[in-house]
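Descriptive analysis of the structure
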Amino acid sequence: MANPYRELFAARGSLAFTAAGFVARVAMPMVGIGVITMLSQLRGDYLLAGAVSACFTLSMALLGPQVSRLIDRRGQSRILLPATGVSVTALGGLLLATSYGAPAWLLFAFAVPAGCIPNMAAMIRARWSVIFRESPRLHTAFSFESVVDEMTFVIGPALSVALCTTLFPQAGPLLAAVLLLLGGLLFTAQRSTEPPVHDVAASGNGTVIKSPPVLVLVLALVAGGTIVGTVDVVSVAFAEQQGSPAAAGIVVSVYAVGSAVSGLLFGTLNLAVPLPRLLLLGVAGTAITTLPLFVVSGVTGLAVAIFFAGVFFAPTMIVIMTLVEKIVPAAALTEGMTWAITGLNVGVGAGAAISGGVVDAAGAEAGFSVALVAGLLAVIIGLAGYPLLTKAIATGEERPPVPAA
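In what follows, the accompanying structure is described. This structure is a prediction, so every number in the text was calculated from the model and none was measured.

A tally of regular secondary structure across the protein chain gives 15 helices and 0 strands. For 405 residues, the compact-globule estimate of 2.2 N^0.38 gives 22 Å, and the protein chain sits close to it at 21 Å. Dimensions of the protein chain along its principal axes, counting C-alpha atoms only, are 55 × 50 × 40 Å. In the protein chain, buried positions account for 55% of the 405 residues. About 16,700 Å² of surface is accessible on the protein chain, with carbon and sulfur atoms providing 71% of the total. In the protein chain, which carries 18 positive and 17 negative side-chain charges, the distance between the mean positions of the two groups comes to 10 Å.

Here G382 lies in helix α15 (residues 364-396). Judged by relative accessible area, which is 4%, G382 ranks as buried.

For the pair helix α13 (residues 313-327) and helix α14 (residues 333-362), interaxial distance at closest approach is 9 Å and the crossing angle is 150°. Taken together, the axis directions place α13 and α14 in an arrangement best described as roughly antiparallel. Here the hand of the crossing between α13 and α14 comes out right-handed. Between α13, through F313, M317, M321, V324 and E325, and α14, the contact on the second element is made entirely by L333, G336, M337, A340, I341 and L344. When grouped by side-chain class, the residues that make up the contact of α13 with α14 number 9 nonpolar, 1 polar and 1 charged.

Of note, A111 is situated in helix α5 (residues 104-114). By relative accessible area, A111 is classed as buried at 1%. Separated by 32 residues in sequence, A111 and I79 place their C-alpha atoms 20 Å apart. Filtering out sequence-adjacent residues up to four positions away, A111 remains in contact with V52, C55, F56 and S59.

Here we take up the side chain of R125. Of note, R125 is situated in helix α6 (residues 120-131). On the basis of relative accessible area, R125 is assigned to the buried category, the value being 0%. Those residues within four positions of R125 in sequence are excluded, and the remaining contacts are R25, F142, E145, S146, D149, M321, M337 and I341.

On to the pattern of salt bridges. Overall, the coordinates contain 6 salt bridges when judged by the stated rule. A salt bridge links R133 to E325; the nearest nitrogen and oxygen atoms lie 2.9 Å apart. Residue R133 is found in the loop between α6 and α7 (137-166), and its partner E325 is found in helix α13; the two are separated by 192 residues along the sequence. Neither R133 nor E325 differs from the other in exposure class; each is buried. Between R191 and E194 there is a salt bridge; the shortest N-O distance is 3.1 Å. Exposure remark for E194: the relative accessible area of 10% places this residue in the buried category. It is possible to trace a salt-bridge network through shared partners that takes in R25, R125, E145 and D149.

With that out of the way, let us pick up the state of the cysteines. The final tally for this structure, using the stated rule, is 0 disulfides. Its sulfur unpaired, C116 is 14 Å from the next cysteine sulfur, which belongs to C55. Given the relative accessible area of 14%, C116 is considered buried. Cysteine C164 shares no disulfide, and the gap to the nearest cysteine sulfur, in C55, comes to 18 Å.

This part takes up the packing of aromatic side chains. All chains considered together, the criterion is met by 6 aromatic pairs. Taking the centre distance of 6.3 Å and the plane angle of 50° together, the rings of Y255 and F313 count as tilted. Residue Y255 is found in helix α10 (residues 248-267), and its partner F313 is found in helix α13; the two are separated by 58 residues along the sequence. Residue F313 is classed as buried on the basis of its relative accessible area, which comes to 13%. Among the aromatic residues, those joined into a ring-pair cluster are F9, F17, W128, F132 and F144. A cation over an aromatic ring shows up here: R127 above the ring of F187, its NZ or CZ 4.1 Å from the ring centre.

Another aspect to go through is the packing of α6 against α7. Between α6 and α7, whose axes approach to 10 Å, the crossing angle comes to 165°. Considered as vectors, α6 and α7 are oriented roughly antiparallel to each other. Relative to α7, α6 is oriented so that their crossing is right-handed. The segment α6 lies against α7, with A121, I124, R125, W128 and S129 engaging L138, A141, F142, E145, S146 and D149.

Criteria and thresholds
Each chain carries its own residue numbering, running from 1 in the written order of its sequence. Per-residue local features are limited, in this predicted model, to residues with pLDDT of at least 70; the limit for side-chain atom pairs, both in listing and counting, is 80 or more; totals at the level of whole chains, interfaces and linings are taken over all residues. Side-chain measures were taken over the full set of non-hydrogen atoms in the model, leaving aside hydrogen atoms and water. Put simply, DSSP marks the helices as runs of H or I at least four residues long and the strands as runs of E at least two long, and each gets a number from the N terminus on. Computation of the radius of gyration draws on C-alpha atoms, with the globule rule given as 2.2 Å multiplied by the number of residues to the power 0.38. Note on exposure labels: buried denotes an accessible area under 20% of the residue type's maximum, exposed denotes more than 50%, and partly exposed covers the range between, all computed with a 1.4 Å probe on protein chains only. Here the accessible surface of atoms and residues is derived via Shrake-Rupley with a 1.4 Å probe, and residues count as covered only by protein chains that are part of the display. Within this scheme the basic residues Lys and Arg register as positive and the acidic residues Asp and Glu register as negative, but His and the chain ends are omitted. For this purpose, a charge sits on NZ of Lys, CZ of Arg, CG of Asp or CD of Glu. Axis geometry follows a simple rule: fit a line to the C-alpha atoms, using only the stretch in contact for helices, then measure angles between N-to-C directions, giving values from 0 to 180 degrees. Here the word oblique covers every angle except those under 35 degrees (roughly parallel), over 145 (roughly antiparallel) and from 65 to 115 (roughly perpendicular). In this scheme the handedness of a crossing depends on how the near helix is turned from the far one: anticlockwise by less than a right angle means left-handed, clockwise means right-handed. Residue contacts are counted whenever heavy atoms from the two residues lie within 4.5 Å of one another. Classes in brief: Ala, Val, Leu, Ile, Met, Phe, Trp, Tyr, Cys and Pro nonpolar; Asp, Glu, Lys and Arg charged; the others, Gly included, polar. For this document, the term salt bridge refers to a Lys or Arg side-chain nitrogen within 4 Å of an Asp or Glu carboxyl oxygen. What counts as a disulfide here is a pair of cysteine sulfur atoms lying within 2.5 Å. When two rings of Phe, Tyr or Trp (its six-membered ring) have centres within 6.5 Å they constitute a pair, described as stacked for plane angles under 30 degrees, edge-to-face for angles over 60, and tilted for the intermediate range. Only Lys NZ and Arg CZ are tested; either one counts as a charge over a ring when it is within 6 Å of the ring centre and within 35 degrees of the ring normal.

Rendered as structure tokens:
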């Protein structure tokens, strides 16, 4: 049988922009956890560390779609490096302020512009969309990108914490800043695969988040991200409760492994099922696989349950990104995908915060109720949005083809 992933990288320039983008992508999840580790070591204040990291994450969620909107209107090569420069400069200021004992307000002042990081995952997907528009290979490309997302969120935080704790406290965020700049330089050098800039009028009026179908997809990812954040926090609490705190990292990684394996397999399929129906199946499966979490009695059982809980995550993410590509005008594609990823990140943060409170109040097992509620909300969102998505796809299929770059 033909290997669809080998065929994917037969496209001219695809391997180069994917590799360059990976350098910057692995750096993005290094920053938040790196800031927490750095500040907790140098200041001994976990509340301050968490607050500064949360400020950075919120800033990235708010600024990311605006940067992507500029990219759609001006081009990747014109916006990527200036935006990256702002973020890297602010990160450098944060490192210096932390090292020299600056007041807390200055840390927050640097954390805000540090969130001006261009969404590399969205820009890479935008390039795949130009190369494989209306081709079955686009499904494979989005599947591959979902697996890369999983890899970066496993490798990045672990690397950042290891550097901060073994070399010096600032090592993790410092390397992240270097990788962001290096990745941005390498990525913008790949001009042959850069998406064309479209007429501003082609993207419609205002931001794409005002579109009801796009809002449905973003909310679905908020719910899905809530499950991910819950799994992270409750797994750590459960492992500590079982007397095996060191096993927490393995348990959390198992979720990513289950998601990555299913994503790779999903990318090899050529399904004829309509995308809105696939989304319903994905969110239903996500909700159902939270139920075994309530009956586990040990760390091994939890790892098995979490593996299967992750199986539906990547396919659902792939379907949502494909829906974004079908629905959003080509002139606003990067912004649309950035909003989707932002929804996921907001959900992860919300899940971690809410489940943490539940664990403190009622114990680790009760924390899994947050995942179940989020799964049920995802199903409700999928059902409510089904007619909107079906109509939006029919409308999107009537749009003219995008010219090659």
